[in-house]
Amino acid sequence: MAGDTIITVVGNLTADPELRYTPNGFAVANFTIASTPRTFDRQSNQWQDGEPLFLRASVWREHAENVAATLTKGQRVIAQGKLKQRSYESREGEKRTAFELDIDEIGPALRYATAQVTRSAGGGGGGGQVGGGGGQFGGGAPAHQQRPQQTQQQRPQAEEPWGSQPSGGGNFGSGGWAAPGAGNSGGFDDEPPF
């Protein structure tokens, strides 16, 4: 989309992706990527770690289920997506700004590991599960076979990304998310407009 800030981040997951479901049953996985720059210090003849960047990220729908079934804490990943900024007030009344990454693509980094990709059951163009490959990225069974089936009542509910339910309004500029079919992606009205 024009005007979006697209970035690519290489880093390690700080925890397993947290998979939740919206009230309408759409999956969302949230996690943090830690990216630490390294520079070579010629005086000490050693590599030095710089200040780490911790970037909160989210991914939606079947992509979220694939990520949750595939990636785990500590794995090095390459993620590309739209950088989003949101402002909010803390409990103490302080105004704060947070940066988040809305993931378009993510996968394991293969510089120091190997992986074997298995296409998921519903994956049309190339989503999938990473397995095998030295055991670092999980088992070899497809993602749909590793997840236990959950009913709507058993699924954990996702917190809305901005802290509350959509406030109506029917368009992106009024403070709420779009009404179904009002120009948002595919007519879904249970995720933010990015």
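Everything numeric in this text was worked out from a predicted model, so none of it was measured. Along each chain, residues carry numbers from 1 onward, in the same order as the chain's sequence is written. For a predicted model such as this one, the threshold for reporting local features is a pLDDT of at least 70, and the threshold for listing and counting side-chain atom pairs is 80 or more; totals across whole chains, interfaces and linings nevertheless cover every residue. For the side-chain quantities, the full set of heavy atoms in the structure was used; hydrogens and water were omitted.

Numbering of helices and strands runs from the N terminus; a helix is a DSSP stretch of H or I covering at least four residues, while a strand is a stretch of E covering at least two. Scanning the chain for helices and strands turns up 2 helices and 10 strands. When the elements of the chain are put in sequence order from the N terminus, they spell out β-β-β-β-β-β-α-β-β-β-β-α. For the exposure calls, accessible area comes from a 1.4 Å probe over protein chains only, and a residue counts as buried if that area is under 20% of its type's maximum, exposed if over 50%, partly exposed in between. Relative to its 194 residues, the chain shows a buried fraction of 31%. Contact criterion: two residues are considered in contact whenever any of their non-hydrogen atoms come within 4.5 Å of each other. Nonlocal contacts in the chain, meaning residues at least 24 apart in sequence, comprise 55% of its contacts between residues at least 6 apart.

A separate point is the environment of Arg111. Its place among the elements puts Arg111 in the loop between β8 (95-108) and β9 (116-118). In the structure, Arg111 is positioned 35 residues away from Arg76 in sequence and 9.1 Å away in space, judged by C-alpha atoms.

We now examine the side chain of Thr70. Turning to its location among the elements, Thr70 is positioned in helix α1 (residues 61-70). Classification of Thr70 by relative accessible area gives buried; the value is 5%. Any pair of N or O atoms that falls within 3.5 Å is considered a polar contact. Within protein, one atom must be able to donate a hydrogen and the other to accept it, and sequence-neighbouring residues count only if both atoms are side-chain atoms. A polar atom in the side chain of Thr70 sits 2.6 Å from the backbone oxygen of Asn66.

Quick look at the packing of aromatic side chains now. Centre-to-centre distance and the angle between the planes together describe a pair of aromatic rings. Here a pair means two rings of Phe, Tyr or Trp (six-membered ring of Trp) with centres within 6.5 Å. Their orientation is stacked below 30 degrees between planes, edge-to-face above 60, and tilted elsewhere. Across all of its chains, the model carries 1 aromatic pair by this definition. Seen in terms of ring centroids, Phe40 and Trp47 are 5.4 Å apart; in terms of plane orientation they differ by 65 degrees. Their pairing is edge-to-face. A relative accessible area of 39% places Phe40 in the partly exposed class. When its relative accessible area of 51% is taken as the criterion, Trp47 is described as exposed. Sitting over a ring, as applied to charges here, requires NZ of Lys or CZ of Arg to be within 6 Å of the ring centre and within 35 degrees of the ring normal. In this structure, Arg61 is placed above the aromatic ring of Phe26, and the distance from its NZ or CZ to the ring centre is 5.5 Å.

As a further point, take the environment of Ile103. Checked against the element boundaries, Ile103 lands in strand β8. Residues Ile103 and Ile7 lie 96 residues apart in sequence; the distance between their C-alpha atoms is 9.6 Å. Beyond its immediate stretch of four places on either side in the chain, Ile103 contacts Phe31, Ala57, Ser58, Val59, His63, Ala79, Gln80 and Gly81.

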